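What follows is each chain in one-letter form.
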Amino acid sequence: MKSSFFSRLGLAIGMCLMMVACSQPQDQEPVDARDVFVGAYDYQAEGAVDLYVAGTKLTSLPLNDTGVFEIHKYGADNQVVIVGYNDSIRAMVFGNELVLESNAVNYDYGQIHAQLIFSYGRATLVGRNLDWQSDVVGTATYGNYAANCNGQITLHATKQ
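As the structure is a computational prediction, the values presented were derived from the model and not from experiment.

**Observations concerning the overall build of the chain**
Then step 1. Across its full length, the chain holds one helix and 11 strands.
Then step 2. Secondary structure elements in the chain, listed N-terminal to C-terminal, are α-β-β-β-β-β-β-β-β-β-β-β.
Then step 3. Evaluated residue by residue, the chain yields a buried proportion of 28% over its 160 residues.
Then step 4. Across the chain, the fraction of contacts at a sequence separation of at least 24, relative to all contacts at a separation of at least 6, is 50%.
Then step 5. Surface accessibility of the chain: about 10,400 Å² in total, with carbon and sulfur atoms responsible for 55%.

The following block contains the structure:
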């Protein structure tokens, strides 16, 4: 009878230990989806905008650039900000992609002044590489003359 009692007691203790071992820890911090994006990146941007006056193409202005930008957590939830490329760009994290907000930037090329609006495609992170394309529209002035402009830029960045 004693061995039956001890076997049942051992079985009960064993079941309790299994239940405790299989339960998930309650004090574990949630993973922040922004963490994989945060950091410094070397980038290379290639593209151009074409200037048109009265429907005639005048010239093409290059928008090629290289440099470094940083991604920082911004606000709450899945928000980040990219600092160092086109001033700053706010974005939302969705899995391995960033959805970037449009922004406007002023450029000067000699006597040509252009205000460009960048509409960014989704930026996709694969390993350490972050890539996106941007559509560009805007206006440019040269003295008393005004022109419309449009173009596209491809950006490739590598996390340092």
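Next comes the rest of the description.
**Some thoughts on the nonpolar core**
Then step 1. Counting 35 residues, the largest nonpolar core has Phe 69, Ile 71, Tyr 85, Leu 98, Leu 100, Leu 130 and Trp 132 as the members making the most contacts within it.
Then step 2. Discounting residues that sit within four places of it in the chain, Phe 69 has contacts with Gly 39, Ala 40, Tyr 41, Tyr 43, Ile 82, Val 83, Gly 84, Tyr 85, Leu 130, Trp 132, Leu 155 and Ala 157.

**Some thoughts on the pattern of salt bridges**
Then step 1. Scanning all chains against the criterion turns up five salt bridges.
Then step 2. Linking Asp 32 and Lys 73 is a salt bridge whose minimum nitrogen-to-oxygen distance equals 3.3 Å. Linking Asp 32 in the loop between α1 (2–22) and β1 (39–53) with Lys 73 in strand β3 (residues 65–73), this pair joins segments that are 41 residues apart in sequence.
Then step 3. Judged by its relative accessible area of 41%, Lys 73 is partly exposed.
Then step 4. Close ionic contact of Glu 97 with Arg 122 constitutes a salt bridge, the shortest N to O distance being 3.2 Å.

**Topic: the packing of aromatic side chains**
Then step 1. For the structure shown, the criterion picks out nine aromatic pairs.
Then step 2. With centroids separated by 5.0 Å and ring planes inclined at 70°, the aromatic side chains of Tyr 43 and Tyr 85 adopt a geometry described as edge-to-face. Linking Tyr 43 in strand β1 with Tyr 85 in the loop between β4 (79–83) and β5 (88–94), this pair joins segments that are 42 residues apart in sequence. Across the pair, Tyr 85 and Tyr 43 agree in class, each one buried.
Then step 3. When the centroid spacing of 6.2 Å and the interplanar angle of 25° are considered together, the rings of Tyr 107 and Tyr 109 count as stacked.
Then step 4. According to the relative accessible area criterion, Tyr 109 is partly exposed, its value standing at 24%.
Then step 5. Through pairs of rings, three or more aromatic residues link up here, namely Tyr 41, Tyr 43, Phe 69, Tyr 85, Tyr 107, Tyr 109, Phe 118, Tyr 120 and Trp 132.

**Let's talk about the side chain of Asp 50**
Then step 1. For Asp 50, the position within the fold is in strand β1.
Then step 2. Reaching out from Asp 50, the side chain makes a polar contact with the side chain of Ser 60 at a distance of 2.9 Å.
Then step 3. In this structure Asp 50 touches Lys 57, Thr 59, Ser 60, Asn 148, Cys 149 and Asn 150, once residues within four positions along its chain are discounted.

**Topic: the pairing of strand β7 (residues 103–109)**
Then step 1. Summarising the sheet, β7 and strand β8 (residues 112–120) pair through seven bridges and their orientation is antiparallel. What sits directly across from Asn 106, in β8, is Gln 115.
Then step 2. Once β7 ends, the chain turns through two residues before running back antiparallel as β8, passing Gly 110 with a positive phi of about 60°.

Parameters at a glance
Residues numbered from 1 in each chain as written. Predicted model: local features only at pLDDT ≥ 70, side-chain atom pairs only at ≥ 80, totals over all residues. Heavy atoms only, no water. Helix = DSSP H or I, 4+ residues; strand = E, 2+ residues; numbered from the N terminus. Buried < 20%, exposed > 50% of the residue type's maximum accessible area, 1.4 Å probe, protein only. Contact = heavy atoms within 4.5 Å. Areas by Shrake-Rupley, 256 points an atom, 1.4 Å probe, with all protein chains shown as cover. Core = buried A, V, L, I, M, F, W, Y, C linked by side-chain atoms within 4.5 Å. Salt bridge = Lys/Arg side-chain N within 4 Å of Asp/Glu carboxyl O. Phe/Tyr/Trp six-rings, centres within 6.5 Å; stacked < 30°, edge-to-face > 60°. Polar contact = N/O pair within 3.5 Å; in protein donor to acceptor, adjacent residues only side chain to side chain. Pairing = 2+ DSSP bridges.

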